[in-house]
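Here are the chains, one letter per residue:
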Amino acid sequence: MNVKSRAKVGAAVLGAAALGVGVMSTPASADYSTPPWRALAGVGSDTTQYVVNGLGEVAVDAAGNKIIGSWDAVPPTGATTTITPKDPATSPHCANIVRPNGSSAGIDRLNAEVADTTTSDCVDFARSSRGPSTAGTNLTFIPFGKDAVTYATDLGSTLPTNLTTAQLASIYKTCTYLDAAGATQTVSKALLPQSGSGTRTYWLTSIGVTEAQIATAKAAGCVDDTVQEHDGTAIASGTQIMPMSVAQWLAQGKGLTNVPNRRGESRLRSIEGTAPTTGTGTAIELNPNFFFSRDVYNVVPTTKITGATADATLVRAFVGATSQVCANIATTKTYGFGDLSADTGASSCGDTNLTGNR
């Protein structure tokens, strides 16, 4: 087992986050639709739903058949609140199951599949924007891209465009912070994704705030944790703040046909003087050395990728540098995520060293 935090402290990068990106096109696949059902069904993280949808259009078996079917955390326009990830003609128990919303919900569903040995699996993998939270070997967390998380505010916000970790921690505990002159300033609302969100877990860990402190702040009216993650339209005033995936924000601004733009007037801000993006215009991309950077994962049952019980299709899709997901790094980068090739050890794409039970 290998449970670890992926937070990294990067060197300072000059410049503020750019405000827009160019328009690109890609095959439409907003939520996987059936029939036909693909060999692998995945659920979970909002952060990586669009990039895995995109990878589902290019990841194929030896005969050229698409093998990844990925279901969004929340139903896209026109979709249902439930999903049928496997053909109900052969797997009737997979019809109209609850759509998992978030990394933990997806991992929980996958764990339920592992525990149920009497029926065929409905879910083969879970998307996750966090690593393991519980030690063990039941699940393997396979990294495939680099993301970062920063805070976002409204375009016309009166809040600073750069805050320290200590200021962010204070905001999420009390909705106040000390400015450079030592004066107390107020934030009207600190927004946070729902419980079970990998981004929520990563953000709170990164700024050093506990769930108990969030519960106190929520009771005081400071924190609102009912918003869907990475939905910039939830920022309703110039004195509100929320965490945001840098890759998601970038992808939403590219005009990709399978990525709805939920940014509203949100803008990514700097932390400790470091900007979350580099470049400008169509060359804007995630800053791999940003203050809070993380790997993102596809999670699979460990027994399905090793030994006699290995699933060849699952292995082909996710395991190793030559897997279909890792071989299509250009698609991953199109959706705003960074390349893991500069990393070493367990952070390289397709690596299977990182395990846990949840």
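Everything here concerns the structure above.
Residues numbered from 1 in each chain as written. Predicted model: local features only at pLDDT ≥ 70, side-chain atom pairs only at ≥ 80, totals over all residues. Heavy atoms only, no water.

Enquirer: Teacher, can you tell me more about the overall build of the protein chain here?
Expert: When you go through the protein chain residue by residue, the secondary structure sums to 9 helices and 18 strands. Across the 358 residues that make up the protein chain, the buried fraction comes to 54%. Across the protein chain, contacts joining residues at least 24 apart in sequence account for 75% of those joining residues at least 6 apart. Entry remark: accessible area of the protein chain is about 13700 Å², with carbon and sulfur atoms responsible for 55%. (Helix = DSSP H or I, 4+ residues; strand = E, 2+ residues; numbered from the N terminus. Buried < 20%, exposed > 50% of the residue type's maximum accessible area, 1.4 Å probe, protein only. Contact = heavy atoms within 4.5 Å. Areas by Shrake-Rupley, 256 points an atom, 1.4 Å probe, with all protein chains shown as cover.)

Enquirer: Whenever I open this one, the nonpolar core confuses me. Can you help?
Expert: Most often, soluble globular proteins keep nonpolar side chains buried together rather than apart. Counting 40 residues, the largest nonpolar core has Tyr-172, Trp-203 and Ile-241 as its most contacted members. Elements with a minimum of two residues in this core: β6 (139-154), α3 (165-174), β10 (189-193), α4 (198-207), α5 (211-219), β11 (223-227), β12 (240-245) and α6 (246-252). Those residues in contact with Ile-241 that sit more than four places away from it in its chain are Tyr-151, Ala-152, Thr-153, Leu-159, Leu-163, Leu-168, Ile-171, Tyr-172, Val-187, Lys-189, Ala-190 and Leu-191. Ranked by size, the runner-up nonpolar core spans 27 residues in total, among them Phe-125, Ile-142, Val-296 and Val-300. (Core = buried A, V, L, I, M, F, W, Y, C linked by side-chain atoms within 4.5 Å.)

Enquirer: What should I look at first to understand the packing of aromatic side chains in this one?
Expert: Between two aromatic rings, the relevant description is the distance of the centres plus the angle of the planes. With the rule as written, the count across this model stands at 5 aromatic pairs. Both rings, one in Tyr-172 and one in Trp-203, keep their centres 6.2 Å apart while their planes meet at 75°; by these two values the pair is edge-to-face. Of this pair, Tyr-172 sits in helix α3 while Trp-203 is found in helix α4, placing the two residues 31 residues apart along the sequence. Of the two residues, Tyr-172 and Trp-203, both sit in the buried class. Put simply, the rings of Tyr-172, Trp-203, Phe-291 and Phe-292 pair up and form one aromatic cluster. The ring of Trp-249 has Arg-263 sitting right over it, with the charged end atom 3.9 Å from the ring centre. Taking the ring centre of Tyr-202 as reference, the NZ or CZ of Arg-294 above it sits at 5.4 Å. (Phe/Tyr/Trp six-rings, centres within 6.5 Å; stacked < 30°, edge-to-face > 60°. Lys NZ or Arg CZ within 6 Å of the ring centre and 35° of its normal.)

Enquirer: What should I look at first to understand the packing of α3 against α4 in this one?
Expert: How two helices pack is summed up by the angle between their axes together with the distance between the axes. Where α3 meets α4, the axes come as close as 9 Å, and the angle between the chain directions of the two elements is 120°. Judged by the inter-axis angle, α3 sits oblique to α4. Contacts between α3 and α4 pair Thr-165, Leu-168, Ala-169 and Tyr-172 from the former with Trp-203, Ser-206 and Ile-207 from the latter. A per-class count over the contact of α3 with α4 returns 5 nonpolar, 2 polar and no charged. (Axes fitted to C-alpha atoms, helices over the stretch in contact; angles between N-to-C directions. Parallel < 35°, antiparallel > 145°, perpendicular 65-115°, else oblique. Nonpolar A, V, L, I, M, F, W, Y, C, P; charged D, E, K, R; others polar.)

Enquirer: Help me understand the pairing of β12, please; the structure alone is not making it clear to me.
Expert: As a general feature of sheets, a regular strand has side chains that alternate between the two faces. The buried count for β12 comes to 6 of 6 residues, which makes it a mostly enclosed element. Side chains Gln-240, Met-242 and Met-244 project from β12 onto one buried face, and the interleaved Ile-241, Pro-243 and Ser-245 project onto a second face that is buried too. Two elements, β6 and β12, share 4 bridges in a ladder whose sense is antiparallel. Bridged to Tyr-151 within β12 is Pro-243. Sheet topology places β10 next to β12; 2 bridges connect them, and they run parallel. What sits directly across from Ala-190, in β12, is Ile-241. (Pairing = 2+ DSSP bridges.)

Enquirer: Got a minute to help me understand the pairing of β10 in this structure?
Expert: Counting buried positions along β10 gives 4 out of 5 residues, so the element sits mostly inside the fold. In terms of strand pairing, β10 meets β11 through 3 bridges, oriented parallel. Following the sheet pairing, Ala-190 is matched in β11 by Val-223.

Enquirer: Would you mind showing me how to read helix α1 (residues 49-56) here?
Expert: An α-helix turns once per 3.6 residues; consequently, residues spaced three or four apart project the same way. Of all 8 residues that make up α1, 8 are buried, and the element is covered over most of its length. When α1 is considered as a whole, its buried residues turn out to be Gln-49, Tyr-50, Val-51, Val-52, Asn-53, Gly-54, Leu-55 and Gly-56.

Enquirer: Honestly, helix α2 (residues 103-115) in this entry has me stumped. Any pointers?
Expert: Over its 13 residues, α2 runs 18 Å from end to end, which matches the ideal 18 Å to within 8%, given 1.5 Å per residue. When α2 is considered as a whole, its buried residues turn out to be Ser-103, Ser-104, Gly-106, Ile-107, Leu-110, Asn-111 and Glu-113. On its buried face, α2 sits against β1 (40-44), β5 (125-128), β6, α4 and β17 (293-301). (Expected span 1.5 Å × (residues − 1).)

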